[in-house]
Amino acid sequence: QVQLAESGGGLVQAGGSLRLSCAGSGFTFDDYAVGWFRQVPGKERESVACIGSGGSTNYADSVKGRFTISRDNVKNTVTLQMNSLKPEDTAVYYCHAREVVVGRAYDYWGRGTQVTISL
């Protein structure tokens, strides 16, 4: 059974830091691009950061220079280090894994973890 389990959300003041972790199981983690999305009520889910199976990274412009994504293929985890947090970073953060095989995408999602940034 495929599972992505997030941890590390919470409440922090603006300017602070949080570290989100996601543990994957039930699939070949190394073969998947993994990353983080976030969503606020009334808005579409947006990509925050992702890291490919080869280690290449991509970030939303809004988080560049503040967030760092990394993966550990031994522990099957992906981590998002979030620094200099802003109130607009408040959202539910979802872990995501994707593999594309012969043009077909296989997507898995975690259940989400709340991140709240106060003034």
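Calculation rules
- Residues numbered from 1 in each chain as written.
- Predicted model: local features only at pLDDT ≥ 70, side-chain atom pairs only at ≥ 80, totals over all residues.
- Heavy atoms only, no water.
- Helix = DSSP H or I, 4+ residues; strand = E, 2+ residues; numbered from the N terminus.
- Rg over C-alpha atoms; globule rule 2.2 N^0.38 Å.
- Buried < 20%, exposed > 50% of the residue type's maximum accessible area, 1.4 Å probe, protein only.
- Contact = heavy atoms within 4.5 Å.
- Core = buried A, V, L, I, M, F, W, Y, C linked by side-chain atoms within 4.5 Å.
- Disulfide = S-S within 2.5 Å.
- Pairing = 2+ DSSP bridges.
- Axes fitted to C-alpha atoms, helices over the stretch in contact; angles between N-to-C directions.
- Phe/Tyr/Trp six-rings, centres within 6.5 Å; stacked < 30°, edge-to-face > 60°.

> Got a minute to help me understand the overall build of the chain in this structure?
A tally of regular secondary structure across the chain gives zero helices and 11 strands. In terms of overall size, the chain behaves like a compact globule, its C-alpha atoms giving a radius of gyration of 14 Å where 119 residues would be expected to give roughly 14 Å. Principal-axis analysis of the C-alpha atoms places the extent of the chain at approximately 45 × 30 × 25 Å. Expressed as a percentage of its 119 residues, the buried residues of the chain come to 37%. In the chain, 55% of the contacts between residues at least 6 apart in sequence involve partners at least 24 apart.

> Quick question: what am I supposed to make of the environment of T77 here?
Within the element layout of this structure, T77 appears in strand β8 (residues 77-82). Considered as a pair, T77 and I117 are 40 residues apart in the sequence and their alpha carbons are 24 Å apart.

> Where do I start with the nonpolar core in this structure?
The tendency in soluble globular proteins is for nonpolar side chains to be buried side by side. In terms of nonpolar packing, the biggest core is built from 27 residues, with W36, V78, L80, M82 and Y93 touching the most fellow members. Of all the secondary structure elements, the ones that give two or more residues to this core are β3 (18-25), β4 (33-39), β5 (46-51), β7 (67-72), β8, β9 (91-101) and β11 (113-118). Broken down by element, this core gets its largest block of residues, four residues, from β9.

> Got a minute to help me understand the state of the cysteines in this structure?
Simply put, disulfide is the name for a covalent bond between the sulfur atoms of two cysteines. A full pass over the atoms with the stated rule returns one disulfide. The disulfide partner of C22 is C95, and the S-S distance across this bridge is 2.1 Å. Here the S-S torsion is close to -90 degrees, and the disulfide linking C22 with C95 is therefore left-handed. Highlighted residues: C22 in strand β3 and C95 in strand β9, separated in sequence by 73 residues. Each member of the pair, C22 as well as C95, is classed as buried. Not part of a disulfide, C50 finds its nearest cysteine sulfur in C95, a span of 12 Å.

> Help me understand the sheet that holds β8 in this model?
Strand pairing in a sheet relies on backbone hydrogen bonds, with the paired strands running either antiparallel or parallel. As summarised here, the arrangement of the four strands in space is β1-β3-β8-β7, forming an open sheet in which the pairing is antiparallel. The sheet terminates laterally at β1 (3-7) and β7, the two strands that pair on one side only. Averaged over all neighbouring strand pairs, the angle between strand axes comes to 15 degrees, with direction disregarded. Bridging between β7 and β8 involves six bridges; their strand directions are antiparallel. If you follow I69 over to β8, its bridge partner there is L80.

> What is the right way to read the pairing of β8 from this model?
Consecutive side chains of a regular strand alternate in pointing toward one face of the sheet and then the other. For β8, a buried count of five out of six residues is recorded, marking the element as mostly surrounded by other parts of the structure. Direction of pairing for β3 relative to β8: antiparallel, over a ladder of six bridges. Bridging from a neighbouring strand, A23 pairs with T77 of β8.

> Explanation requested: the packing of aromatic side chains in the structure shown.
Each pair of aromatic rings is reported with the distance of its centres and the angle of its planes. Counting across every chain of the model gives five aromatic pairs. Arranged with centres 6.0 Å apart and planes meeting at 40 degrees, the rings of F27 and F29 form a pair that is tilted. F29 shares its class with F27; the two are buried. Feature note: the residues F27, F29, Y32 and Y108 constitute an aromatic cluster, connected by ring pairs.

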